[in-house]
2 protein chains.
Amino acid sequence: MSNTARVCECLYVHTDAIEQVKAKLPEDETLFELCDLFKLFGDATRIKILYLLFEKELCVCDIASLLNMTQSAISHQLKVLKNSKLVKFRREGKVVFYRLSDNHVKTIIAQGMEHLAE
Amino acid sequence: MSNTARVCECLYVHTDAIEQVKAKLPEDETLFELCDLFKLFGDATRIKILYLLFEKELCVCDIASLLNMTQSAISHQLKVLKNSKLVKFRREGKVVFYRLSDNHVKTIIAQGMEHLAE
DNA sequence: TTATCATATGAACAACTGAACATATGAAAG
DNA sequence: CTTTCATATGTTCAGTTGTTCATATGATAA
């Protein structure tokens, strides 16, 4: 093998290049949090709920009607989004209104849409 | 509680809000594409692979070594990323080098990281 | 040709996920 | 108090997903 030729590191695992790349990889804990975040966006029902909340706060029943799904299914997903701090809620009598927690949700989804457009 | 087929049993639906919001929801096809995109980022192995490719192109074996996983597992995930146009590859003899397709991957992941930081 | 190396692929399986269903909770009205 | 309505939750279950294992493919060298 010549010195300039790139060789697969299968037999030479500890090269400088490998160590260099490895150094830039975030902690496992961070990466798990990151992919947990993206998992939230990786479901059609949840994406739709978040999209609906772009416009204004909505109650559980509004969302269920809009998406033509059961109240139970929506409530379960709202719980997931709530636990992940992506949505907040306020109670008004028997009705619970949900809204987006912050603008990151919009930005992330917008970025995804932009990717699709190309 | 006999009619289980009913979608939403609520009587108090915010009709005006629903009409306003419904108009802004994208097509189902678009939403499915969008959540399919985010599904790709919703797995720790794939996120790690993409992160590694931030730095430089790597062959399958490099990635397997870096992540301490089997060549088969990496190859399967690279196929998923390849099919989704998130990575490209070039062959050099027996070795196949993978790289990111474009900058959207970086931007989307960066946006996710920014969300975590707050 | 045959051997070897890097990668790809098919099958099998366990773990995870999301919706349906039944039921529980909590708030307001009667 | 009891009833009713909006929402929450526990369980079940089918469908999906990611890894492992075995094997195939494709390129290079002997």
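Here the structure is shown first, and the text comes after it.
Residues numbered from 1 in each chain as written. Chains lettered and ligands numbered in written order. Predicted model: local features only at pLDDT ≥ 70, side-chain atom pairs only at ≥ 80, totals over all residues. Heavy atoms only, no water.

1. Structural notes on the protein's contact with DNA strand D
For DNA strand D, the set of nearby residues contains 28 residues, the closest of which are A:S72, A:H76, A:Y98, B:T45 and B:S72. In DNA strand D, atoms within 4 Å of the protein come from the sugar-phosphate backbone in 62% of cases. At a separation of 2.9 Å, a phosphate oxygen of DNA strand D approaches a polar side-chain atom of A:S75. Contacts to DNA strand D include B:S72, whose side-chain N or O atom sits 2.6 Å from a base nitrogen. For the surface near DNA strand D, the elements supplying multiple residues, two or more each, are α4 (60-67), α5 (71-83) and β3 (95-100) of chain A together with α3 (44-55) and α5 (71-83) of chain B. Ranked by residues supplied to the surface near DNA strand D, first place goes to α5(A) with five residues. By residue class, the composition of the surface near DNA strand D is 11 nonpolar, 10 polar and seven charged. (Near = heavy atom within 4 Å. Polar contact = N/O pair within 3.5 Å; in protein donor to acceptor, adjacent residues only side chain to side chain. Helix = DSSP H or I, 4+ residues; strand = E, 2+ residues; numbered from the N terminus. Nonpolar A, V, L, I, M, F, W, Y, C, P; charged D, E, K, R; others polar.)

2. Describing the sheet that holds strand β1 (residues 58-59) of chain B
Residue and element names in this part refer to chain B. Ordered by their spatial adjacency, three strands build an open sheet running β1-β3-β2, and the pairing between neighbours is antiparallel. The strands lining the two open edges of the sheet, one partner per strand, are β1 and β2 (87-92). Sheet topology note: the β2/strand β3 (residues 95-100) ladder contains six bridges and is antiparallel. If you follow E92 over to β3, its bridge partner there is V95. In this fold α3 packs onto β1, β2 and β3, with an angle of close to 90° to the strand it touches most, β3. (Pairing = 2+ DSSP bridges. Contact = heavy atoms within 4.5 Å. Axes fitted to C-alpha atoms, helices over the stretch in contact; angles between N-to-C directions.)

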